[in-house]
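# Coordinate inspection notes
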Amino acid sequence: MANEHLTVDPDEDNVPLMKSPVVRVKSFPKESPSLADDQGGNPNLEILGWRESDDDHPEFEKHAEATNIEVFYDLFFAAILCVFAEVQDVTNLQQLNSFIAYFVLLWLGSWALLGLFDVRFITDSIFERSIRAVHFGVMVGFAVVAPTWSLYENKSQTYRTLSLILMASRLAMASQYGSIMWHIRRFKKTRLPMGMMVALNLVSAIIYLGVAFAFKDGTDSKLYAIWFIMVGLETLITIVLSLKFQVLSFSGTHIVSRMSLLSYIFMGEGIITVLSAVTKVVINHNSWTSATIGNVAAGISNLYLIYMIYFDWRRNLRMPLYRELLWSFLHFPFHLFLKLFILGSSQFVIWWKVIETYLSTNKMFMTALKAGDEPGFNVTTSWFVSTINGTLNEVFQLYRPKYDVTPQSISDGLALLMEIPDDFWATVQDVPEEEFLNNETVSHIINALAELLTAMQNSLFATFNVNGYSAFEGSDEVFKNAAELEERVWELNWGKFKLVFTYAYVAAGLTLITMNLLYIVSRNGGWTPFNYVRKGLNFLIGVGLCLVTLITLNTEQVLQLWGTPWPLPILVITLFVVLILNHLPQPPPIFFNGANTKRLGGDKRKKQKTGWGVVRQMGFRTGAAPAEKDTGHPGAGSAHPQEGYQAPAPGYQQQDSLVVSEQQRQYEQQYLQQQQQQQQQIYSQQQPQYQEVDIAGYPERQQYHQGYQQHHQQQQGQGYGQAPYQQGY
């Protein structure tokens, strides 16, 4: 029964109740001699990956890419951050610190710890799907507390809720590690490490539960610091145990792919954030101006450039385990800086629209003020006030005021303009230019127009959720009039813009620096002086972006910059320069002749003292290289010529821009001849050796052979006798 198979783990269409992550053999032939044990009885499952010995370690199923449930969970994670950005704009220092704290708890305290489990032990079963539903509920809980989350206000109810959410997450992970412990219970060496992971999550759950009861209403408790300590310890212990015990190792997992996938999702979610800001400021077709279009294009281009730089720097990742873990957890600061950079970019779009509206309105005010310069046109106070009021109404029809104080401020400003006597407009042209601003009536007009512009600007900011008014809601502070309140709100709003400008540029620089570190950690090939220079320039550009924020120390210069649409395009230009810099080809070897180059990819380190060695490391191909001694290193004279230098393709003309001496050409020809000889020797050694078999000892085969010869001779006689060419003879 040659076709009988022993089924160990049959495939079924239905989802199992529980599924083991241990690799199992689907089927194998019973009579295969390679699977039989020494007694010829039961099959030897060890060669197929199944381990029945209590002293061995199980072999878990590995995934090359993230599974569907992992991708869906990552999308859930990105959506929660998007919700937080919507309900709390990061426009002041307290909100910035609260956002960083929220991100730490969400990324390290929830996503990362579950992701570390998934890349090693994830399966698809009813049990795992049920536990995943709990983790989705944890994410929903983070979204529920997002509107009221703050580190600077007494939010006892919010703190209790979040602490219970963290407790539920740890209980779910304890059950997941417990299920794995059950599946591999036959392996004695795995009981301790897996039991430690179960205990870690249970202890964490108990601590989070105790912290939840410690938050009391009416008290300003800082016990939430325990969350961040616990999250850091949990992550550290998980990594240390994975390096200590084989059963918890990340070797062969898809952790690199998982981190890259989340980066990809972050960039895609950033597009949504920027476009969401666009929908706030672009109300109708008149809202589209050349500067607005440029800022929207710059916001999208920033993310596209980061996408190209990041994925260009992570090609063909092959790293040792320690560097793989370092590369993976460098994504925590990378994702944080990237998210802040995205939030800042979206805010730049909003701020420019406010500034653009302010500049256009101010221009129309100045046009109305100079209307009396036209000959034959008589300006009156009523006409001037009506023109100013109509200009403001056009703005408020697009962006309705959010607070009642705005109409009051506009009415007060217009009332000041109504105090201007009509005869002033006939004499305003006679006022000397050097005395114009010192004129009492002119100063009165300018102050009134400034109050109107300030009220309009504050209203626009509040419409776009940059709300300086919120700082005075419920406040006991008393203001003399609406103009004084507007002045205080205006100062707060521009203080927020200063913060947004600062953290956006700092986050952009740190994002570039972190991506550069990711590339350095993951690089396996040889480093040339040009590589060092290029990576050094990347660091300097990143530091330069951070230092741009020093311009805020000079009020006059920073106001000049903020009055232009350039803050966002400057970031685009910088990232584009980085992209071009890192795609420049390596210079010709003449610039590196005699340079020492380290090869970090192999077991040996070899110093190349000739230009040809450097060229081969860079992937430069112009012909054959000079012959080298057989050192065992892939290259000239190596025992494996296919791993070394590649010969030029047929028809290749060796007349190129490099000036090669006649002696070098002779070396190249000798090298090609040596390569061909080695290939012929290897080919001859690999040829199968045929041996004649004496069929005399096999009667059945001998009889078959004689019958075949007789049949073959008859076919030859009949076929060749009828051939046309034989008749001619």
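Residues numbered from 1 in each chain as written. Predicted model: local features only at pLDDT ≥ 70, side-chain atom pairs only at ≥ 80, totals over all residues. Heavy atoms only, no water.

## What about the overall build of the protein?
To keep things clear, this is the line we draw: Numbering of helices and strands starts at the N terminus; helices are DSSP runs of H or I of at least 4 residues and strands are runs of E of at least 2. Three labels apply to residues, based on accessible area from a 1.4 Å probe with only protein chains included: buried if under 20% of the type maximum, exposed if over 50%, partly exposed otherwise in between. Shrake-Rupley sampling with a 1.4 Å probe provides the accessible areas, and residues are treated as covered by the protein chains on show and by no other component.
The number of helices and strands found in the protein is 22 helices and zero strands. Taking all 729 residues of the protein together, the buried fraction comes to 45%. Accessible area for the protein stands at about 38800 Å²; split by element, carbon and sulfur atoms hold 56% of it.

## Some thoughts on the nonpolar core
Rules: The term nonpolar core refers to a set of buried residues drawn from Ala, Val, Leu, Ile, Met, Phe, Trp, Tyr and Cys, joined through side-chain atoms within 4.5 Å.
With 147 residues, the main nonpolar core has W107, F142, W149, W227, I388 and L417 as its most contacted residues. No other element matches helix α10 (residues 331-369), which puts 18 residues into this core. Among the nonpolar cores identified, the runner-up in size contains 16 residues, and V22, V198, L200 and V247 belong to it.

## Focus on the pattern of salt bridges
Note the cut-off: We define a salt bridge as a side-chain nitrogen of Lys or Arg found within 4 Å of a carboxyl oxygen belonging to Asp or Glu.
Scanning all chains against the criterion turns up nine salt bridges. Residue R258 is joined to D118 by a salt bridge in which the shortest nitrogen-to-oxygen separation is 3.8 Å. Highlighted residues: R258 in helix α7 (residues 255-281) and D118 in helix α2 (residues 93-121), separated in sequence by 140 residues. Across this residue pair, the class does not change: R258 and D118 are buried. Among the salt bridges present, the one from R129 reaches D124, with a minimum N-O distance of 2.8 Å. For D124, a relative accessible area of 38% corresponds to the partly exposed category. Among the charged side chains, a network of salt bridges with common partners joins E70, D74, D118, R132 and R258.

## Description of the packing of helix α14 (residues 440-463) against helix α15 (residues 482-522)
Counted only if it meets this: As a rule, the C-alpha atoms of each element are fitted with a line to give its axis, helices using only the stretch in contact, and angles between N-to-C directions run from 0 to 180 degrees. Any angle from 65 to 115 degrees is called roughly perpendicular, while one under 35 is roughly parallel, one over 145 is roughly antiparallel, and all others are oblique. Working rule for handedness: look at the near helix, and if it is turned counterclockwise from the far one by less than a right angle, call the crossing left-handed; if clockwise, right-handed. In what follows, a contact means two residues having at least one pair of non-hydrogen atoms within 4.5 Å. By the convention adopted, Pro, Cys, Tyr, Trp, Phe, Met, Ile, Leu, Val and Ala count as nonpolar, Lys, Arg, Asp and Glu as charged, and the other residues, Gly among them, as polar.
The contact between α14 and α15 brings their axes to 9 Å, and the two run at 50°. Accordingly, the angle class assigned to the pair α14 and α15 is oblique. Note that α14 runs across α15; the crossing there is left-handed. Of α15, the residues touching α14 (which contributes E451, T454, A455, Q457, N458 and F461) are A483, E486, V489, W490, N493 and W494. For the contact of α14 with α15, a count of residues per class yields six nonpolar, four polar and two charged.

## Digging into the side chain of S204
Here is the rule we go by: Contacts described as polar in this section are N or O atom pairs within 3.5 Å, which, within protein, must combine one atom able to donate a hydrogen with one able to accept it, while residues neighboring in sequence count only if both atoms come from side chains.
As for its position among the elements, S204 is in helix α5 (residues 191-214). A polar contact is formed between the side chain of S204 and the backbone oxygen of L200, at a distance of 2.8 Å. Polar side-chain contacts of S204 include one of 3.1 Å to the side chain of E234. If we skip the residues at most four places from it in the chain, S204 touches R170, M230 and E234.

## So, the environment of L105
When you line up the elements, L105 lands in helix α2. When the C-alpha positions of L105 and W227 are compared, they lie 7.7 Å apart, and in sequence the two are 122 residues distant. Residues within four places of L105 in sequence aside, it is in contact with S110, F142, W149, L162, W227, F228 and V231.

## Some words on the packing of aromatic side chains
Rules: What counts as a ring pair is set by centres within 6.5 Å for rings of Phe, Tyr and Trp (its six-membered ring), and what kind of pair is set by the plane angle: stacked under 30 degrees, edge-to-face over 60, tilted for all other angles. Either the NZ atom of lysine or the CZ atom of arginine qualifies as a charge over a ring when it sits within 6 Å of the ring centre and within 35 degrees of the ring normal.
Counted according to the given criterion, the structure contains 52 aromatic pairs. Note on F121 and Y177: the rings are 6.2 Å apart at their centroids and 75° apart in plane angle, and the pair reads as edge-to-face. Placement of F121 in helix α2 and of Y177 in helix α4 (residues 156-183) is noted, with a sequence separation of 56 residues between them. We note that F121, like Y177, is buried. Its end group placed over the ring of W527, R523 keeps NZ or CZ at 5.0 Å from the ring centre. Across the ring face of Y519, the terminal group of K535 is positioned such that the distance to the ring centre comes to 3.7 Å.

## Section: α10
Two residues of an α-helix separated by three or four positions point the same way, owing to the 3.6 residues in each turn. Let me state the cut-off plainly: A helix is expected to span 1.5 Å for every residue after the first.
Between its first and last C-alpha, α10 extends 56 Å over 39 residues, near the 57 Å set by a 1.5 Å rise per residue. For α10, a buried count of 30 out of 39 residues is recorded, marking the element as mostly surrounded by other parts of the structure.

## Structural notes on unusual backbone geometry
We note that N465 has phi near 65°; this positive angle belongs to a residue other than glycine. Structurally, the position occupied by N465 is in the loop between α14 and α15.

## Regarding the confidence of the model for the protein
Cut-off, in case you're wondering: Confidence per residue, as judged by the predictor, is encoded in pLDDT with a range of 0 to 100.
Taken as a whole, the protein shows an average pLDDT of 79; of its residues, 74% reach a score of 70 or greater. The low-confidence segment residues 25-54, where pLDDT is below 50, has 53 contacts with residues more than four positions distant or belonging to other chains.

## Details of helix α1 (residues 68-87)
In a regular helix each residue adds 1.5 Å, so 20 residues correspond to 28 Å; α1 covers 29 Å between its end C-alpha atoms and thus fits that length. Taken as a whole, α1 has its buried residues at E70, Y73, D74, F77, A78, I80, L81, C82, F84 and A85. Its buried side turned inward, α1 meets α2, α3 (126-145), α7 and α10.

## What about a nonpolar patch on the surface?
Quick reminder of the rule: Within the patch definition used here, like charges are joined within 9 Å and nonpolar side chains (Val, Leu, Ile, Met, Phe, Trp, Tyr) within 5 Å, considering only residues with over 30% relative accessible area and no salt bridge.
Together, V543, L547, L550 and L553 make up an exposed nonpolar region whose accessible area comes to about 410 Å². The residue L553 is located in the loop between α16 (529-547) and α17 (555-562) in this model.

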